[in-house]
Amino acid sequence: MNISDVQTAAIKDFLFLLSEYDGINVTIDVLLQRLGEYYDADRACTFEQKEGEDCAISTFEWCKEGLPRVMDNQRNAKKASFKFWDKRFKSEIGIYIEVNDEMKLSDPMAYEVLSRSKVQRLMVVPLLQNGNVTGVLAVENPRKHKDHLLLLSILSSAIFCNIQNSRFQAQERKMKKQLEDDVGAISGLASEYSQLLVINLDTQEFEAYVDGKRVPRAFMNFSDKEDPPFFEGFVDAMKHLCHPDDLKEMLKLSSRDYIAECLKGKKRFSTRFRCQNMDKSYFWVDLIMIKFDPVEQPPTRISLGYVNSDALVTAEIARQKELSDALDRAEKANNAKTEFLSNMSHDI
């Protein structure tokens, strides 16, 4: 059997393996282990660029028993160390590399990283997303089939799809948990405010509640547009409702950066403004902003609650009067009781 036949047979075996797991649901660990065994390699792993940084880290890995895991001791290689690889990936499905003196002269930066990691031979194919190289699938120190790059290239697509799927599922679980937490929080918040908005700052989508009940977003719309995004709608609402002397300060809240600054290192922020009533008079309103994200993180989901401050003051005055009246009644009753007992004692 020639090289082409062996590789074709291996591709069929791996495709059968994928079909057993409905293609996308085969675990990444299973694929990497099977790859490592097929190539009789020390390690099969993926390297991806670390978000927000110019270095690559190992994200998934299988290695032979007894070997140290790269994921436990990241190499943190700079992307510039492998700049020549990106050029080759544009014309080749993958690369086989001998880490030797010749490579030391032609590609010294990559040689430094690989030799320091005791890699003598390397097979590497790109992980592609939207035509861009976002990482690599690597087989280190293969002892067999080092020329079977087509197989590795085909499987890199399956592995990368699985990586994306696993991350999507993790994000979905996180969002589901967040939603469950938010529903509980929102239910409690909505009952406390006369009006409440729950806003996703990333999408500017929001939900509206009045007196604890969810209402259509159009109920809060003061714009000429049918369904404006949150910040645009907030500006229009403030221009219609806010007292001119308070407007400049309130319009600052139409900036996500300003909201992030208000909630930096805390979960809650409040301010007060005068709001126009139906009869064109003004009353004081407390605007209370709460962040759903962890306190140390910038806000992505918030609530804006509106409380009629004048109504609260009126209610508090009424409560204090009721309490004062109750104390007066109690004192009069106590005085009457004392007088009664005194009279009884005198008669006795």
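Structural data are supplied above this passage.
One numbering rule holds for all chains: residues counted from 1, following each sequence as written. Given that this is a predicted model, residues contribute local features only at a pLDDT of at least 70 and side-chain atom pairs are listed and counted only at 80 or more, while totals for whole chains, interfaces and linings are drawn from all residues. As a rule here, side-chain values come from all non-hydrogen atoms in the structure, and water together with hydrogens is ignored.

1. Remarks on the environment of Lys267
Thinking step 1. Note on conventions: DSSP H or I runs of at least 4 residues are helices, E runs of at least 2 residues are strands, and numbering of each starts at the N terminus. Along the chain, Lys267 turns up in the loop between helix H9 (256–262) and strand S10 (268–276).
Thinking step 2. A C-alpha to C-alpha distance of 7.9 Å links Lys267 and Pro294, two positions 27 residues apart in sequence.
Thinking step 3. Looking at Lys267, its side chain comes within polar contact range of the main-chain oxygen of Asp293, at 2.7 Å. Definition of a polar contact: a pair of N or O atoms within 3.5 Å, with one able to donate and the other able to accept a hydrogen when the atoms are protein atoms, and with sequence-neighbouring residues admitted only if both atoms are side-chain atoms.

2. Focus: the side chain of Asp246
Thinking step 1. Position of Asp246 relative to the elements: it lies in helix H8 (residues 244–251).
Thinking step 2. Among the polar contacts made by the side chain of Asp246, one reaches the main-chain amide nitrogen of Arg274 at a distance of 2.9 Å.
Thinking step 3. By definition, residues are in contact when any of their heavy atoms lie within 4.5 Å. For Asp246, the residues in contact, after removing those within four places along its chain, are Phe273, Arg274 and Trp284.

3. A closer look at the pairing of strand S4 (residues 95–98)
Thinking step 1. Relative accessibility decides the category of a residue: with a 1.4 Å probe and only protein chains considered, values under 20% of the type maximum give buried, values over 50% give exposed, and everything between is partly exposed. Residues Ile95 and Ile97 line the buried face of S4, whereas the alternating positions Tyr96 and Glu98 sit on a face that is not buried.
Thinking step 2. A strand pair is defined by DSSP finding two or more bridges across the two strands. Inspection of the sheet shows S4 paired to strand S5 (residues 121–129) by four bridges, in the antiparallel sense. The partner of Tyr96 across the bridge, within S5, is Met123.

4. A short note on the sheet that holds strand S8 (residues 205–210)
Thinking step 1. One open sheet holds the six strands; their spatial order is S9-S8-S7-S12-S11-S10, and the pairing between them is antiparallel. Each edge of the open sheet is held by one strand with a lone partner, namely strand S9 (213–215) and S10. Recorded for the sheet is a direction-independent mean angle of 25 degrees between the axes of neighbouring strands.
Thinking step 2. Here strand S11 (residues 282–291) runs beside strand S12 (residues 301–308); their pairing, made up of seven bridges, is antiparallel. Bridge assignment links Met289 to a residue of S12, and that residue is Leu304.
Thinking step 3. Note on geometry: axes are lines fitted to C-alpha atoms, helical ones only across the stretch in contact, with angles between N-to-C directions running from 0 to 180 degrees. Along the sheet, helix H7 (residues 230–241) contacts strand S7 (195–200), S8, S10, S11 and S12; its crossing angle with S10, the most-contacted strand, is approximately 45 degrees.
Thinking step 4. Across the sheet, H8 lies against S10 and S11, angled at about 150 degrees from S10, the strand it touches most.

5. Re the packing of aromatic side chains
Thinking step 1. Pairing of aromatic rings covers Phe, Tyr and Trp, the last counted by its six-membered ring, and requires centre-to-centre distances within 6.5 Å; plane angles under 30 degrees mean stacked, over 60 mean edge-to-face, and any other angle means tilted. One pass over the full model with this rule turns up seven aromatic pairs.
Thinking step 2. Arranged with centres 4.5 Å apart and planes meeting at 50 degrees, the rings of Phe82 and Trp85 form a pair that is tilted.
Thinking step 3. For Phe82, a relative accessible area of 16% translates into the label buried.
Thinking step 4. Among the aromatic residues, those joined into a cluster by ring pairs are Phe206, Phe230, Phe231 and Phe234.

6. Side note on the pattern of salt bridges
Oppositely charged side chains may form a pair once their charged atoms are brought near each other.
Thinking step 1. What counts as a salt bridge is simple: a side-chain nitrogen of Lys or Arg found within 4 Å of a carboxyl oxygen of Asp or Glu. In total, this model carries 15 salt bridges according to the counting rule given.
Thinking step 2. Note that Asp42 is salt-bridged to Arg143, the shortest N-O span being 2.7 Å. Of this pair, Asp42 sits in the loop between helix H2 (28–38) and strand S1 (43–49) while Arg143 sits in the loop between strand S6 (132–140) and helix H6 (149–190), and the two are 101 residues apart along the sequence.
Thinking step 3. Relative accessible area serves as the criterion here: at 43%, Arg143 is assigned to the partly exposed category.
Thinking step 4. A single salt-bridge network, built from bridges that share partners, covers Arg43, Glu61, Arg75 and Glu140.

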